Amino acid sequence: DKFQICNGYEHLFLPTFACGGDSIMGIAPNIVPRQLAEMYRKVKENDFKAAADINRKLVPVYNAMETSEEPCPGPVKYVLKQQGFDCGLPRKPVVDISDGMRTELDKIMKAL
């Protein structure tokens, strides 16, 4: 009866909502759920400028979670631990993230 759209690619979250998409899934919703919910609300209120501003701030999060040098789940587990959710270390063959990635993620999350 009703066709619904769910997107799983972070960089297309805003366009998905703007085109009438119903939901999203991915890595970023685990670590920035409030910001993404607010972006969704702004789109529903037709405040596309505010939604775009939120999305622009989240682009570094999207990029950090998709790096091929240090693939998930390492980065997301680190951020979740910083938020008080100790998810443990990644299982092999994935290894824990580097000190450089920790510094980058701390900087990105602090900027939000």
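Quick summary incoming for the structure in this document. (Residues numbered from 1 in each chain as written. Predicted model: local features only at pLDDT ≥ 70, side-chain atom pairs only at ≥ 80, totals over all residues. Heavy atoms only, no water.)

1. Structural notes on the packing of aromatic side chains
Rules: Note on aromatic pairs: the rings of Phe, Tyr and Trp (six-membered ring only in Trp) are paired at centre separations within 6.5 Å, and the planes decide the class, stacked below 30 degrees, edge-to-face beyond 60, tilted for the rest. Counting from the N terminus, the helices are DSSP H or I runs at least four residues long and the strands are E runs at least two residues long.
Under the definition given, this model contains 2 aromatic pairs. Relative to Y40, the ring of F17 has its centre 4.8 Å away and its plane inclined at 75 degrees; by these criteria the two rings are edge-to-face. Note that F17 is positioned in helix α1 (residues 13-18) and Y40 in helix α3 (residues 33-44), a separation of 23 residues in sequence.

2. Considering helix α6 (residues 99-111)
Stated precisely, the cut-off is as follows: Multiplying 1.5 Å by the residue count of a helix minus one yields the expected span of that helix. Accessibility here uses a 1.4 Å probe with only protein chains present; expressed as a share of the type maximum, an area under 20% marks a residue as buried, one over 50% as exposed, and anything in between as partly exposed. By construction, the arc corresponds to the directions joining the helix axis to the C-beta atoms. The criterion used for residue contact is that any of the two residues' heavy atoms lie within 4.5 Å.
End to end, α6 covers 19 Å across 13 residues, agreeing with the expected 18 Å (1.5 Å per residue, within 8%). Those residues of α6 that sit buried are M101, L105 and I108. On an axial view of α6, the arc spanned by its buried residues comes to 65 degrees, and they lie on one face. Counted as exposed and oriented over 90 degrees from the buried face of α6: D99, T103, K107, K110 and A111. Those residues of α6 that are buried lie in contact with α4 (48-65) and α5 (74-82).

3. Regarding the packing of α4 against α6
To keep things clear, this is the line we draw: Inter-axis angles, ranging from 0 to 180 degrees, are taken between N-to-C directions of lines fitted to C-alpha atoms, where helices are fitted over the stretch in contact. Oblique is the label for any angle not covered by the other classes, which are roughly parallel (under 35 degrees), roughly antiparallel (over 145) and roughly perpendicular (65 to 115). Left-handed is the label given to a crossing in which the near helix is rotated counterclockwise from the far helix by less than a right angle, and right-handed is the label when the rotation is clockwise. Asp, Glu, Lys and Arg are counted as charged, while Ala, Val, Leu, Ile, Met, Phe, Trp, Tyr, Cys and Pro are counted as nonpolar; the rest, among them Gly, fall into the polar class.
For the pair α4 and α6, interaxial distance at closest approach is 9 Å and the crossing angle is 155 degrees. By the angle class used here, α4 and α6 are roughly antiparallel. For the element pair α4 and α6, the recorded crossing hand is left-handed. Of the residues in α6, those in contact with P60, V61, A64 and M65 of α4 are M101, E104, L105, I108 and M109. Its residues assigned to classes, the contact of α4 with α6 comprises 8 nonpolar, no polar and 1 charged.

Read these as layout, nothing more, since geometry by itself doesn't imply function.
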